[in-house]
Amino acid sequence: MTQNGTGTGVLLAFGGVLLVLALLGNHIESFEFGGATLRLRAAAAERFALAEEAERQGDTTTAGQLRAEAQALLDAAGPIAADYQSVRGSMRPSPERTRAMEEVVSRARRLSEEQPFEPAEVLRWLQEGSDEERVTALAMMQASRELRNFEAALAAIEHSRSPFEQYHAMLLTAQMIDDLDATQLRQLAEVIRSQRGARFRRDTDRWQLSEDILRRVDRRSGTR
């Protein structure tokens, strides 16, 4: 029992989270209350609980928006991330595997175009998520300008966990070039040049993409 209205709301919302966690059972990947991150399905559970609270207060518009966000989170965390992990883990490196992973990435892009996502949540997937969550976040940022974060994309190029992830981080920055200021353009060129030869060779798609990025950066910077 509490006389604190805010405290009551928090308790009700947290109780709702526990209820949703119980209902979803093993569909929840992990739940870290008070920790640094909420994994995708745990974040969805939180939104479902908050939607229930909003509806109890008569705010059906907010409730509907929260449920839509929660379902989008479940959609991203489930089939897309799982399929990427399955393809990457079950197929040997080959053009066929790359094409299969690109199909999964295309699904993530479509999801980002069709459903609203919180930029901060997608940013957490890229910075703190699993390999499949990071690639999903990059694909969603490619499709939605509102979700993009230059510093995170740059870090993904420098500290990518796979060639595939690095390629898509580079592709994201290529899409952002026209929106970058002079300092960001210089930072991007420096990072791209540092990776050439060290992380990828001339006979790779990443080298070809790096050539395009550097050419466009030089053109915007007025050095050519």
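Keep in mind that what you see is a predicted model, and the values were worked out from it rather than measured.

Compared with an ideal rise of 1.5 Å per residue, which puts 14 residues at 20 Å, helix H9 (residues 182-195) spans 20 Å between its outermost C-alpha atoms and is within 8% of the ideal. Looking at the buried side of H9, the elements it contacts are helix H7 (150-158), helix H8 (163-176) and helix H10 (205-221). At the N-terminal boundary of H9, the capping side chain belongs to Asp181, with an oxygen 3.2 Å from the backbone nitrogen of Thr183. Once H9 ends, the next one or two residues include Gly197, with phi positive near 90°.

What follows covers the pattern of salt bridges. For the coordinates displayed, the defined rule picks out 13 salt bridges. One salt bridge connects Arg124 with Glu121, and the closest N-O pair in it is separated by 2.7 Å. Of this pair, Arg124 and Glu121 both sit in helix H5 (residues 119-128), 3 residues apart, roughly one helical turn. Of the charged contacts, one joins Asp203 and Arg201 as a salt bridge, the two residues approaching to 3.6 Å between their closest N and O atoms. No difference in accessibility class separates Asp203 from Arg201, as the two residues are exposed.

Let us now look at the side chain of Thr173. On the secondary structure map, Thr173 appears in helix H8. A distance of 2.7 Å separates the side chain of Thr173 from the backbone oxygen of Met170, its partner in a polar contact. Residues contacting Thr173, with those up to four places away along its chain left out, are Ala153, Ile157, Leu188 and Ile213.

An α-helical turn contains 3.6 residues, so a residue and the one three or four places further along point in the same direction. An ideal rise of 1.5 Å per residue puts 24 Å on 17 residues; H10 measures up with 24 Å between its terminal C-alpha atoms. On the buried face of H10, the contacting elements are H8 and H9. Of the residues trailing H10, Gly222 is marked for its positive phi of about 75°.

Here we come to the packing of H7 against H8. For the pair H7 and H8, the least separation of the axes is 8 Å and the interaxial angle reads 145°. For the crossing formed where H7 meets H8, the hand is left-handed. Counted together, Phe150, Ala153, Ala156 and Ile157 of H7 and Glu165, Gln166, Ala169, Met170, Leu172, Thr173 and Met176 of H8 form the full contact between these two elements. The residue makeup of the contact of H7 with H8, split by class, is 8 nonpolar, 2 polar and 1 charged.

Turning our attention to the confidence of the model for the protein. This prediction gives the protein a mean pLDDT of 78; 72% of its residues lie at or above 70. Predicted confidence is poor over residues 4-38, with pLDDT under 50, and the contacts of this stretch with residues over four places away or in other chains come to 39 contacts.

What follows covers the packing of aromatic side chains. Each aromatic ring pair is specified by the distance between its two centres and by the angle formed by the two planes. In total, this model carries 1 aromatic pair according to the counting rule given. Taken together, a centroid distance of 6.2 Å and an interplanar angle of 80° make the contact between Phe200 and Trp207 edge-to-face. Looking at Trp207, the relative accessible area reads 11%, which means it is buried. Positioned above the aromatic ring of Trp207 is the side chain of Arg196, whose terminal nitrogen or guanidinium carbon lies 4.0 Å from the ring centre.

On to the side chain of Gln142, then. Among the structural elements, Gln142 can be located in helix H6 (residues 131-143). Excluding its chain neighbours within four sequence positions, the residues that come into contact with Gln142 are Arg109, Arg148, His168, Leu171, Leu172 and Gln175.

Cut-off values and rules
Residues numbered from 1 in each chain as written. Predicted model: local features only at pLDDT ≥ 70, side-chain atom pairs only at ≥ 80, totals over all residues. Heavy atoms only, no water. Helix = DSSP H or I, 4+ residues; strand = E, 2+ residues; numbered from the N terminus. Expected span 1.5 Å × (residues − 1). Contact = heavy atoms within 4.5 Å. Polar contact = N/O pair within 3.5 Å; in protein donor to acceptor, adjacent residues only side chain to side chain. Salt bridge = Lys/Arg side-chain N within 4 Å of Asp/Glu carboxyl O. Buried < 20%, exposed > 50% of the residue type's maximum accessible area, 1.4 Å probe, protein only. Axes fitted to C-alpha atoms, helices over the stretch in contact; angles between N-to-C directions. Left-handed = near helix turned anticlockwise from the far one by under 90°. Nonpolar A, V, L, I, M, F, W, Y, C, P; charged D, E, K, R; others polar. pLDDT = per-residue confidence, 0-100. Phe/Tyr/Trp six-rings, centres within 6.5 Å; stacked < 30°, edge-to-face > 60°. Lys NZ or Arg CZ within 6 Å of the ring centre and 35° of its normal.

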